Number of protein chains: 2
Amino acid sequence: MTTLPSLSPTDRTTVQRGKHRVVDDREQLHAFLAEALVAHVGVVVGDHPVVLPCAYAVDPAGPDEGGSLYVHGSVASVWLRHAVGSTVCVTVTELDGLVAARSAFNHSMNYRSAVVIGPARLVEDEAERARALDLVVDQMVPGRAATLRPSTRKELAATAVLAVPLHEASMKARAGGPGDEPEDVAAGTWGGHVPLRRVADPVVPAPEATGPVPADVAARAAALGAR
Amino acid sequence: MTTLPSLSPTDRTTVQRGKHRVVDDREQLHAFLAEALVAHVGVVVGDHPVVLPCAYAVDPAGPDEGGSLYVHGSVASVWLRHAVGSTVCVTVTELDGLVAARSAFNHSMNYRSAVVIGPARLVEDEAERARALDLVVDQMVPGRAATLRPSTRKELAATAVLAVPLHEASMKARAGGPGDEPEDVAAGTWGGHVPLRRVADPVVPAPEATGPVPADVAARAAALGAR
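All values reported here derive from a predicted model rather than from experimental measurement. (Residues numbered from 1 in each chain as written. Chains lettered and ligands numbered in written order. Predicted model: local features only at pLDDT ≥ 70, side-chain atom pairs only at ≥ 80, totals over all residues. Heavy atoms only, no water.)

## What to know about the overall build of chain A
Helix and strand content of chain A: six helices and eleven strands. Excluding contacts between residues fewer than 6 apart, the proportion of contacts in chain A whose partners are at least 24 apart in sequence is 73%. Accessible surface for chain A amounts to roughly 9,700 Å². Of this, 56% is attributable to carbon and sulfur atoms. (Helix = DSSP H or I, 4+ residues; strand = E, 2+ residues; numbered from the N terminus. Contact = heavy atoms within 4.5 Å. Areas by Shrake-Rupley, 256 points an atom, 1.4 Å probe, with all protein chains shown as cover.)

See below:
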């Protein structure tokens, strides 16, 4: 196994606050990014930031330093044009719980969150583009890309793929109950937390769909607890 | 009822792509922001954007144009210092489903997402600060702020509250099954979607907690489906 660099090789992804919540382990970063579903991509547009939710995928063996994080969008999208060649921030967060502490100050949330900062590269190599687009589909439904027809030239021409190096990344996580002041505990005030998780409801076939739900989609829904 | 301005009074929050997904209704924006739990706040730090997950709350009657969106953080946090007085972007997204289309190109997600862009104002008025902090607690667990002891001077001194006007906002939403090509439907390929939602598991009292789970916490968990 290759030794991976520290998760925070530069100042700008070194966590400044809440250092006890830092996850300093690149394998945990990869595992989290492999599991989560939505990225929030921050791009500077003119004099202000724009943050948009995006599907994403990660290739730890991708050509960028530390591996590649991919997002895609329409070639016509404004944020994507601004992102190409500039430094972007891609943040992926999963909410795991509400922490109902004994004081307002100690209220918190349980979560896992990864922050990746780096230059956005427009992916132009057709093989890498195809692989990245497959990875984005498989992030949603593992194994699905291999079951679909190839994308048409028109579809590919309409899609832009960006890669961001995973090199500069940080991850924070919080779990468990409240961290309360001893005097609030001594006073007998109640504290605790509400665990949260994402679940799937049963798969909804499109009106014209025939035949059974494909195994990949059924497995995805089942993994998320659909009954 | 007051007539509210359009959700997109300026170019920078006018949705450029996917106009069929635009929710052009300020009441829906407020209802969504009252329900969601995590904001991703984008701030320009030096020459690059930083996007961080934050608890937030909204006061539609707040002093900023269009009402106020509040986020809070430690007075020592770097992103917060950079945010004060600059234009920030606050994006709130809830994922509602995975859309397993008949082609890779038409794969999508069901979601609701609000984007608010505006100047971040450091809230200095003590009454507004106290109200904003109560709203952030109540966003997590409705009704909880009123049950807690007042914050101490030290706690208040450690906390910075930012307000962003709700004036410049856009909202997009996608729901339902795939929008597939007629030829993919005609070919008999399966398509559908997997609805997703957030659920609570049973409340976990802290080890030292005594007595029943408070009604506000129990109600929050029950509303999110905890059994």
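## As for the sheet that holds strand β4 (residues 68-74) of chain B
Residues and elements named next belong to chain B. A sheet is described by the order of its strands in space; here four strands give the open sequence β3-β4-β8-β7, paired in antiparallel fashion. Strands with a single pairing partner mark the edges of an open sheet, and in this sheet they are β3 (56-59) and β7 (121-122). Bridging between β7 and strand β8 (residues 159-165) involves two bridges; their strand directions are antiparallel. Within β8, the residue paired with arginine 121 across the bridge is alanine 163. (Pairing = 2+ DSSP bridges.)

## Points about the pattern of salt bridges
A full pass over the atoms with the stated rule returns 26 salt bridges over all chains. Where glutamate 94 of chain A meets arginine 198 of chain A, a salt bridge forms, and the shortest distance between an N and an O atom there is 2.9 Å. Highlighted residues: glutamate 94 of chain A in strand β5 (residues 87-100) and arginine 198 of chain A in strand β10 (residues 192-200), separated in sequence by 104 residues. We classify glutamate 94 of chain A as buried; its relative accessible area is 9%. Put simply, arginine 197 of chain B and aspartate 201 of chain A hold a salt bridge, and the shortest N to O gap is 2.8 Å. Placement of arginine 197 of chain B in strand β10 (residues 192-200) and of aspartate 201 of chain A in the loop between β10 and β11 (204-205) is noted, with the two residues assigned to different chains. Overall, the relative accessible area of 40% leaves arginine 197 of chain B in the partly exposed class. The network of salt bridges with common partners includes Glu35, Asp96 and Arg112 of chain A. (Salt bridge = Lys/Arg side-chain N within 4 Å of Asp/Glu carboxyl O. Buried < 20%, exposed > 50% of the residue type's maximum accessible area, 1.4 Å probe, protein only.)

## Describing the confidence of the model for chain A
Chain-level pLDDT for chain A is 91 on average; 90% of the residues reach the 70-or-more range. Long-range and interchain partners of residues 1-9 of chain A, a stretch whose pLDDT sits below 50, account for 23 contacts in this model, where long-range means more than four residues apart. (pLDDT = per-residue confidence, 0-100.)

## Digging into the relation of the copies chain A and chain B
Least-squares fitting of chain A to chain B yields an RMSD of 0.0 Å, with the transformation described by 0.0 Å of translation along the axis and a rotation of 180°. Here the two chains are linked by the operation of a two-fold rotation axis. When each C-alpha of chain A is compared by its distance to the rotation axis, arginine 198 of chain A comes out closest, at 2.2 Å. Most of the interface of chain A is mirrored in chain B, where 100% of its interface residues again form contacts. (Least-squares fit on C-alpha atoms with pLDDT ≥ 70 in both.)

## Observations concerning the nonpolar core
Soluble globular proteins: nonpolar side chains tend toward being buried together. In terms of nonpolar packing, the biggest core is built from 68 residues, with Leu33, Tyr56 and Trp79 of chain A together with Leu33, Tyr56 and Trp79 of chain B touching the most fellow members. Those residues in contact with tryptophan 79 of chain A that sit more than four places away from it in its chain are Val41, Val43, Leu52, Cys54, Val71, His72 and Leu162 of chain A. (Core = buried A, V, L, I, M, F, W, Y, C linked by side-chain atoms within 4.5 Å.)

## A look at the sheet that holds strand β3 (residues 56-59) of chain A
Residue and element names in this part refer to chain A. The four strands are arranged β3-β4-β8-β7 in an open sheet whose pairing can be described as antiparallel. Among the strands making up the open sheet, the edge pair consists of β3 and β7 (121-122). Bridge count for β3 against strand β4 (residues 68-74) is four bridges, and the pairing is antiparallel. When the sheet's bridge partners are listed, aspartate 59 is paired in β4 with serine 68. Sheet strands touched by helix α3 (residues 126-140): β3, β4, β7 and β8 (159-165). Its angle to β3, the strand with the most contacts, is close to 120°. (Axes fitted to C-alpha atoms, helices over the stretch in contact; angles between N-to-C directions.)

## Some details on the side chain of arginine 220 of chain B
Here arginine 220 of chain B shows up in helix α6 (residues 215-223). With near-sequence residues (within four places) excluded, arginine 220 of chain B lies in contact with Leu98 of chain A together with Leu37, Gln139, Met140, Val141 and Pro142 of chain B.

## Remarks on the pairing of strand β1 (residues 39-45) of chain B
All names here are of chain B. Most of β1 is tucked away, with six of its seven residues classed as buried. Adjacent in sequence and paired antiparallel, β1 and strand β2 (residues 48-54) are bridged by two residues, among which glycine 46 carries a positive phi angle near 65°. By the bridge criterion, four bridges tie β1 to strand β5 (residues 87-100) in an arrangement that is antiparallel. Residue histidine 40 lies in a different strand from β5, and its bridge partner there is threonine 91.

## Looking at the side chain of histidine 107 of chain A
Positionally, histidine 107 of chain A belongs in the loop between β5 and β6 (108-119). Here the side chain of histidine 107 of chain A touches arginine 144 of chain B through a polar contact of 2.9 Å, side chain to side chain. The contacts of histidine 107 of chain A, once residues within four sequence positions are left out, are Val99, Ala100 and Ala101 of chain A together with Val137, Met140, Arg144 and Leu148 of chain B. (Polar contact = N/O pair within 3.5 Å; in protein donor to acceptor, adjacent residues only side chain to side chain.)

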